[in-house]
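Close look at the chain arrangement
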Amino acid sequence: MSEAFVWFHNNSDKPKESTAFYEKLLGWVPSDGPGGTTMFAGEKEPFAGLGARDGDAAGWLPYVQVDDVVAATRKAVKLGAVLVKEKTRGPAGEFSVVRDPGGSVIALWQRA
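Cut-offs applied
- Residues numbered from 1 in each chain as written.
- Predicted model: local features only at pLDDT ≥ 70, side-chain atom pairs only at ≥ 80, totals over all residues.
- Heavy atoms only, no water.
- Patch = residues over 30% accessible without salt bridge, like charges linked within 9 Å, V, L, I, M, F, W, Y side chains within 5 Å.
- Areas by Shrake-Rupley, 256 points an atom, 1.4 Å probe, with all protein chains shown as cover.
- Salt bridge = Lys/Arg side-chain N within 4 Å of Asp/Glu carboxyl O.
- Helix = DSSP H or I, 4+ residues; strand = E, 2+ residues; numbered from the N terminus.
- Buried < 20%, exposed > 50% of the residue type's maximum accessible area, 1.4 Å probe, protein only.
- Phe/Tyr/Trp six-rings, centres within 6.5 Å; stacked < 30°, edge-to-face > 60°.
- Arc of directions from axis to C-beta.
- Contact = heavy atoms within 4.5 Å.
- Polar contact = N/O pair within 3.5 Å; in protein donor to acceptor, adjacent residues only side chain to side chain.
- Pairing = 2+ DSSP bridges.
- Axes fitted to C-alpha atoms, helices over the stretch in contact; angles between N-to-C directions.

Side note on a nonpolar patch on the surface
- A cluster of nonpolar side chains, contributed by Phe 5, Phe 8 and Trp 60, occupies part of the molecular surface with about 280 Å² of accessible area.
- Relative to the helices and strands, Phe 8 is located in strand β1 (residues 5–12).
- Judged by relative accessible area, Phe 8 falls into the partly exposed class, the value being 31%.

Below you can see the structure in the form of structure tokens.
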């Protein structure tokens, strides 16, 4: 079984405006992150990133941690998901993105 959501990423058409929006609305404090992204952190650690949309749909993408990203991706597809993004290496691990049978996307993430 996977844990709850471990990360959220916002793919924005207007990253500067989106950053200012969340800073003013929710009091999130932005800081520079890897690859030109903006990071938002809570009291203990970062919980979200925001970056310019690069081919992905605009909006929030939730990440769940899995033990094996390849096995979890295969299982998702077998259960009716559509593979949106093949396994990709990120700054803290590997992830894939799938679209569930209802049309929502989720990232399956394995810690490095």
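Read on, since the account is not over.
Considering the packing of aromatic side chains
- Enumeration according to the criterion identifies eight aromatic pairs in this entry.
- For the ring pair Tyr 22 and Trp 60, a centre distance of 5.4 Å and an interplane angle of 75 degrees mean the geometry is edge-to-face. Taken together, the positions of Tyr 22 in helix α1 (residues 15–26) and Trp 60 in strand β5 (residues 59–65) put the pair 38 residues apart, joining distant regions of the chain.
- By relative accessible area, which is 15% here, Tyr 22 ends up buried.
- Residue Trp 60 is classed as partly exposed on the basis of its relative accessible area, which comes to 35%.
- Cluster of aromatic residues (ring-pair linked, three or more members): Phe 21, Tyr 22, Trp 28, Phe 40, Phe 47 and Trp 60.

Some details on helix α2 (residues 69–78)
- Buried within α2 we find Val 69, Ala 72, Thr 73 and Ala 76. Down the axis of α2, the buried set is contained in an arc of 100 degrees. They therefore lie on one face. Relative to its buried face, α2 has exposed residues pointing more than 90 degrees away, namely Arg 74, Lys 75 and Lys 78.
- Looking at the buried side of α2, the elements it contacts are β6 (82–89), β7 (93–99) and β8 (105–111).
- The backbone nitrogen of Val 70 has a side-chain oxygen 3.0 Å away, supplied by the residue at the start of α2, namely Asp 68.
- One or two residues past the end of α2 sits Gly 80, with phi positive at roughly 110 degrees.

A short note on the sheet that holds strand β3 (residues 38–41)
- The mixed open sheet is built from eight strands, whose spatial order is β2-β3-β4-β1-β5-β8-β7-β6. A single partner strand is all that each edge strand has here, and the edge strands are β2 (30–32) and β6. Taken pair by pair, the neighbouring strands of this sheet meet at an average axis angle of 25 degrees, ignoring direction.
- Alignment of β6 against β7, held across five bridges, turns out to be antiparallel. Residue pairing across strands places Val 82 opposite Arg 99, the latter belonging to β7.
- Packing against the sheet, α1 makes contact with β1, β2, β3, β4 (46–52) and β5, and its axis sits at approximately 150 degrees to β4.
- Across the sheet, α2 is in contact with β6, β7 and β8; its angle to β7 comes to roughly 5 degrees.

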